[in-house]
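Listed below, chain by chain, are the residues.
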There are 2 protein chains.
Amino acid sequence: MKAAFIGLGAMGAPMAGHLHAKGLLAAVGNRTQARADALADELGVQAPHLAGIASACDIIALCVSADADVIGVVEALAPTLKKGAVVVDHSTVSPDTAKKAARIIGDAGGAFLDAPVSGGVEGAKNGKLSVMVGGEASVLETARPVLEAYAARVTHMGPVGSGQATKAVNQVLVAGIAQAVTEGLALGEALGLDADRLIPTLGAGAAGNWFLEKRGATMLRNEFSVGFKLALLHKDLGIVRGIAADAGTDRTIIEQSLADFAQLMSEGYGDDDISGLIRLKRKS
Amino acid sequence: MKAAFIGLGAMGAPMAGHLHAKGLLAAVGNRTQARADALADELGVQAPHLAGIASACDIIALCVSADADVIGVVEALAPTLKKGAVVVDHSTVSPDTAKKAARIIGDAGGAFLDAPVSGGVEGAKNGKLSVMVGGEASVLETARPVLEAYAARVTHMGPVGSGQATKAVNQVLVAGIAQAVTEGLALGEALGLDADRLIPTLGAGAAGNWFLEKRGATMLRNEFSVGFKLALLHKDLGIVRGIAADAGTDRTIIEQSLADFAQLMSEGYGDDDISGLIRLKRKS
């Protein structure tokens, strides 16, 4: 099995590295070709244009930023796609984009999985991502060795689009937990509580959560450079808003977080980790 | 060392049981005497009135509901308090109430710790609570064998009141995480995602948290009878609102949750677990 990885950002580059460690990685691709060339040189793999990846590889994983990027990549892969190839999209996009991409790849004789991930840059680096997969079960079995190279958990959620639907739910939790932890720690800070005692104490009880454990100490040191850029969560929540509006469920956290992250972006903090939300919590 | 436990509710009764298992429990007390008598019979300990507990025990732990209850108990203990006795309050009350209780007990020749807990009824039952302690370090060392009977973690946060300050922060996280998880799972439910796949998938990534793991499946089955009564979190958040107002930090989650839980209480759901918040999330 020859696998490729397209999109070598903060998530994609370490994910490609895990594929390489498992002996599965044949090629890498990236919008900025120089980054693909550099990683290809480092790992001893190829960095052809997308048409070359499409004709050579059995499993093609991608992790890019926006809906239009996903469609752009699958349209570039389709004309030369190897028959029976599986394209696995790890990006966070809308279920409709997943379905459109699946049609393009299906028409080209391949199969498609929408397979967004959760677990942050830590999860990508240590190969412990949670992968939420939409598509046919048999296609997932074909792609499973690739996914398991960087996953702690691979869950088949249902047909194409259900991976993205699951990720939409995930992002509501991520945004809401960020609201909770930043509002709480801003209060703890104002009350003069010692961060080194406060964070593990909170984490050991009913308030325990991933975000507190991974980002609590750094946010209280005003370190926002590592993690998940808040402009990207803002982009995701724009997708989630539409999904929740169609579903008719409550959007309190979604709307509050869209407004908060938009404000931070307007103040120049779009590249901060989402824990940068604490900037808005320190003053009422 | 003879220990007593006062306040035998959903948290207190199992905590007293752990003290008994460690051979430390000499007496129990409760506002409804019949409940104290029943547990005392079952465990083979005493159930005297508070004056009798005060004169006989070295460490007196209490876990009651409201600020007035704490002051009532310490005022009843003070006149006959054994010299050097330590009173440990596990209730969630204001830092000011903790300081007032500490003065009453100090004037009576004893020492006081504010030591609220987190970890839910599960944590109380399996002896894995997180205890956040305010008071003198030497007093905490005296009381430590009692606390460790039901704690996974005991953290000294600072002087009297800092345990309650920490608990205030904890309750902001608890309320905000409840907002996040209920809004997210209401969306997942509306999208038709399978709960048995959704909850562990979310839990394995950056959205992972205690509340999702413990209450996700039950709330999607509309089971709200086990856990933390939302009327009690509403009471706690009333205290937290004042603390955060004094501190000048943001109160978005606090105010939203106070309004939401008040609405549920007005609809007759005050005894539901806080996951009952999902009732408000299913329709926008």
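Rules of the game
- Residues numbered from 1 in each chain as written.
- Chains lettered and ligands numbered in written order.
- Predicted model: local features only at pLDDT ≥ 70, side-chain atom pairs only at ≥ 80, totals over all residues.
- Heavy atoms only, no water.
- UniProt positions renumbered as here; feature names shortened; annotations may be inferred.
- Core = buried A, V, L, I, M, F, W, Y, C linked by side-chain atoms within 4.5 Å.
- Buried < 20%, exposed > 50% of the residue type's maximum accessible area, 1.4 Å probe, protein only.
- Contact = heavy atoms within 4.5 Å.
- Domains from an automatic or database assignment.
- Buried area = accessible area lost by both parts, 1.4 Å probe.
- Salt bridge = Lys/Arg side-chain N within 4 Å of Asp/Glu carboxyl O.
- Polar contact = N/O pair within 3.5 Å; in protein donor to acceptor, adjacent residues only side chain to side chain.
- Least-squares fit on C-alpha atoms with pLDDT ≥ 70 in both.
- Helix = DSSP H or I, 4+ residues; strand = E, 2+ residues; numbered from the N terminus.
- Nonpolar A, V, L, I, M, F, W, Y, C, P; charged D, E, K, R; others polar.

For chain A, the name recorded in an unreviewed UniProt entry is Oxidoreductase, with Luteibacter yeojuensis as its organism. Note on chain A: under the UniProt heading Sequence similarities (unreviewed entry), the record states "Belongs to the HIBADH-related family."

A. Expanded view of the nonpolar core. In this structure, Leu185(A) and Leu185(B) are the most contacted members of the largest nonpolar core, which totals 88 residues. Ignoring sequence-local partners within four residues, the contact set of Leu185(B) consists of Val169(A), Leu198(B), Leu202(B), Leu212(B), Gly216(B), Met219(B), Leu220(B) and Ile278(B).

B. Representation of the domain arrangement of chain A. Residues and elements named next belong to chain A. Domain annotation of chain A identifies domain 1 (3-159) and domain 2 (165-281). Placing the centre of domain 1 and that of domain 2 at their C-alpha centroids yields a distance of 27 Å. Across the contact, 15 residues belong to domain 1 and 14 residues belong to domain 2. Summed over the three residues of domain 1 that lose the most area to domain 2, namely Thr92, Glu122 and Met132, the buried surface amounts to 39% of that side. Among the ionic pairs, Arg215 bridges to Glu122, the shortest N-O distance being 2.5 Å. Across the contact surface, domain 1 and domain 2 share six residue pairs in polar contact (both at pLDDT 80 or more).

C. Broad picture of the relation of the copies chain A and chain B. Overlaying chain A with chain B gives an RMSD of 0.0 Å, the required rotation being 180° about an axis along which the chain moves by 0.0 Å. On this basis, the relationship between the two copies can be described by a two-fold rotation axis. Considering only C-alpha atoms, the part of chain A nearest the rotation axis is Asn209(A), at 2.0 Å. Residue by residue, 100% of the interface of chain A is reproduced at the interface of chain B, so both copies engage with the same surface.

D. Structural detail: the interface of chain A and chain B. With 64 residues of chain A at the contact, the number on the chain B side is 64 residues. Here chain A and chain B share an interface that buries about 5,100 Å² over both sides, 69% of which is from carbon and sulfur atoms. Here Lys281(A) ties to Asp250(B) by a salt bridge, and the two come within 3.2 Å at their closest N and O atoms. Among the secondary structure elements, those contributing two or more residues to the side of chain A that touches chain B are β7 (129-134), β8 (151-158), α8 (162-190), α9 (195-203), α10 (210-220), α11 (230-247), α12 (252-266) and α13 (278-281) of chain A. Per-element accounting of the side of chain A that touches chain B gives the leading share, 21 residues, to α8(A). Residues that form the side of chain A that touches chain B fall into these classes: 32 nonpolar, 22 polar and 10 charged.

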